[in-house]
Amino acid sequence: MLKVGVLGAGHLGKIHLRLLQQSDQYELVGFYDENQENAERISKEFGYKNFSTIAKLIHAVDVIDIVTPTLSHYKCAKVAIKSGKHIFIEKPIANTVEEAEEIIALAKEYNVKGQVGHVERFNPAFIATKNMIENPMFIETHRLAEFNPRGTDVPVVLDLMIHDIDAILSVVHSKVKDIHASGVSVISDTPDIANARIEFENGCVANLTASRISMKNMRKTRFFQKDAYISVDFLEKKCEVVRMKDAPEIPGDFDMILQNAEGIKKQIYFTNPDVEQNNAILDELESFANAIKTDTTPVVTLEQATDALRVAYQIIDCFQK
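This is a predicted model, so every value here is computed, not measured. (Residues numbered from 1 in each chain as written. Predicted model: local features only at pLDDT ≥ 70, side-chain atom pairs only at ≥ 80, totals over all residues. Heavy atoms only, no water.)

Once that is clear, we can look at the packing of aromatic side chains. Taken as a whole and assessed by the stated rule, the structure comprises six aromatic pairs. With a centroid separation of 5.8 Å and an interplanar angle of 40 degrees, the aromatic rings of Phe-126 and Phe-234 are classed as tilted. Of this pair, Phe-126 sits in helix H6 (residues 124–130) while Phe-234 is found in the loop between strand E11 (228–233) and strand E12 (238–246), placing the two residues 108 residues apart along the sequence. With a relative accessible area of 0%, Phe-126 lands in the buried category. Judged by relative accessible area, Phe-234 falls into the buried class, the value being 1%. The interplanar angle of 35 degrees and the centroid separation of 4.9 Å between the aromatic rings of Phe-224 and Tyr-229 together place this pair among those described as tilted. The class of Phe-224 is partly exposed, set by a relative accessible area of 31%. Overall, the relative accessible area of 22% leaves Tyr-229 in the partly exposed class. (Phe/Tyr/Trp six-rings, centres within 6.5 Å; stacked < 30°, edge-to-face > 60°. Helix = DSSP H or I, 4+ residues; strand = E, 2+ residues; numbered from the N terminus. Buried < 20%, exposed > 50% of the residue type's maximum accessible area, 1.4 Å probe, protein only.)

Set out below in structure tokens:
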């Protein structure tokens, strides 16, 4: 079992602590939180060992799980990597692209592995359909959330939309060609609602919408490709695939047939792939343990997370223009 320590015991940090303690891949050694009052309360309530300094925790483990505010990701990662420890970092990987690139360089220099917590890659509905997503040419995403003061210190693009940016970059195998975006600040100092259009060199277009002041929660993505439409509901963990194939000579009574202007007939059929329910956060943490033990590439690499961050900042730059 890999010895692991958690940096940051806020809302998400407490979830990581609980799951790591349950995991049979890790031995949870303890945690550090700069708010010592909060740290002592959590230690007393759950029995996790509370370390008095970051250095002492890093020294005692093989893996550091960084669940601190984004502003401190780089500082924490740098200390851990220079101590020869593997790092799991919550998304976004860092506060700036430059910081992210330095984390990549340090990980290579010190020969440690890193993975970033883009948890939607482990969403069971996305897993169930990912192998069916082949060369999508239009993608539409809606990620809407009810207002929560937690997270409003960063633009909605870094808080919410980055999940969809990462998922899209994982299935579109082409470079970004152009980005157009607009954002509106309603109750925060940074945009609370944003829309972005990402154009890729292969012709694919992705239209992303994110809001953190909606009346209801929604996390849906739709992929359109040749002869298929794939819908993924990340919130409800459901998916649907609609395919078209050449219509039979003699269609059945219940077959759904479409005919275009050229007279070509297509049959439409619907499938709902099996979705195996899981705990996505536990799965991403354990997949990282597996990558360390087998010396393989993590599912969400530091480089991929940096690409998502780079696109996110290109979107934010469009707001300022």
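As a further point, take the state of the cysteines. Linking two cysteines covalently via their sulfur atoms produces the bond known as a disulfide. Counted according to the given criterion, the structure contains zero disulfides. Free of any disulfide, Cys-204 has its nearest cysteine sulfur in Cys-318, 17 Å distant. Since its relative accessible area comes to 18%, Cys-318 is described here as buried. (Disulfide = S-S within 2.5 Å.)

The next subject is the sheet that holds strand E3 (residues 63–66). One open sheet accounts for five strands, arranged E2-E1-E3-E4-E5; its pairing is parallel. Lying at the two open borders of the sheet, with one neighbouring strand each, are strand E2 (26–32) and strand E5 (114–117). Across the sheet, the mean angle from the axis of one strand to that of its neighbour is 20 degrees, orientation sign disregarded. The strands touched by helix H4 (residues 73–82) are strand E1 (2–7), E3 and strand E4 (86–90); relative to E4, the strand with the most contacts, the crossing angle is about 170 degrees. (Pairing = 2+ DSSP bridges. Axes fitted to C-alpha atoms, helices over the stretch in contact; angles between N-to-C directions. Contact = heavy atoms within 4.5 Å.)

On to H4, then. Along H4, the residues that are buried comprise His-73, Tyr-74, Cys-76, Ala-77, Ala-80 and Ile-81. Projected down its long axis, H4 shows its buried positions confined to an angular sector of 165 degrees, all on one face. Those residues of H4 hidden inside the fold are in contact with E1, helix H3 (54–59), E3, E4 and helix H5 (97–109). With its phi angle positive at about 75 degrees, Gly-84 sits one or two positions after the end of H4. (Arc of directions from axis to C-beta.)

A few words on the sheet that holds E12. Taking strand neighbours across the sheet as the criterion, the nine strands line up as E7-E8-E9-E6-E10-E11-E12-E14-E13 in an open arrangement whose pairing is mixed. A strand with exactly one partner marks an edge of an open sheet, and here the two such strands are strand E7 (176–184) and strand E13 (256–259). Across this sheet, the average inter-strand angle for adjacent strands is 15 degrees, counted without regard to direction. Bridge count for strand E10 (residues 218–225) against E11 is six bridges, and the pairing is antiparallel. Following the sheet pairing, Phe-224 is matched in E11 by Tyr-229. In this fold helix H7 (residues 156–171) packs onto strand E6 (138–144), E7, strand E8 (193–200), strand E9 (205–211) and E10, with an angle of close to 155 degrees to the strand it touches most, E9. Each of E7 and E8 is contacted by helix H9 (residues 302–320), which is oriented at about 55 degrees to E7, the strand it contacts most.

We now examine the side chain of Ser-287. Note that Ser-287 resides in helix H8 (residues 280–294). Among residues more than four places away in sequence, those in contact with Ser-287 are Gln-115, Phe-122 and Val-299.

For the rest of this paragraph, the subject is the packing of H4 against H5. Two elements in contact, H4 and H5, have axes whose closest approach is 10 Å; the angle formed by their N-to-C orientations is 5 degrees. Judged by the angle between their axes, H4 and H5 are roughly parallel. Contacts between H4 and H5 involve Tyr-74, Ala-77, Lys-78, Ile-81 and Lys-82 from the former and Glu-99, Glu-102, Ile-103, Leu-106 and Ala-107 from the latter. Along the lines of polarity and charge, the residues of the contact of H4 with H5 split into six nonpolar, no polar and four charged. (Parallel < 35°, antiparallel > 145°, perpendicular 65-115°, else oblique. Nonpolar A, V, L, I, M, F, W, Y, C, P; charged D, E, K, R; others polar.)

Core analysis: the largest hydrophobic core is formed by 73 residues, its most contacted members being Ile-93, Ile-103, Val-157, Met-161, Ile-165 and Ile-315. In contact with Val-157, other than residues within four places in its own chain, are Ile-162, Ile-165, Ala-194, Ala-312, Ile-315, Ile-316 and Phe-319. Listed in part, the 22 residues of the second largest apolar core include Val-6, Leu-17, Val-67 and Leu-282. (Core = buried A, V, L, I, M, F, W, Y, C linked by side-chain atoms within 4.5 Å.)

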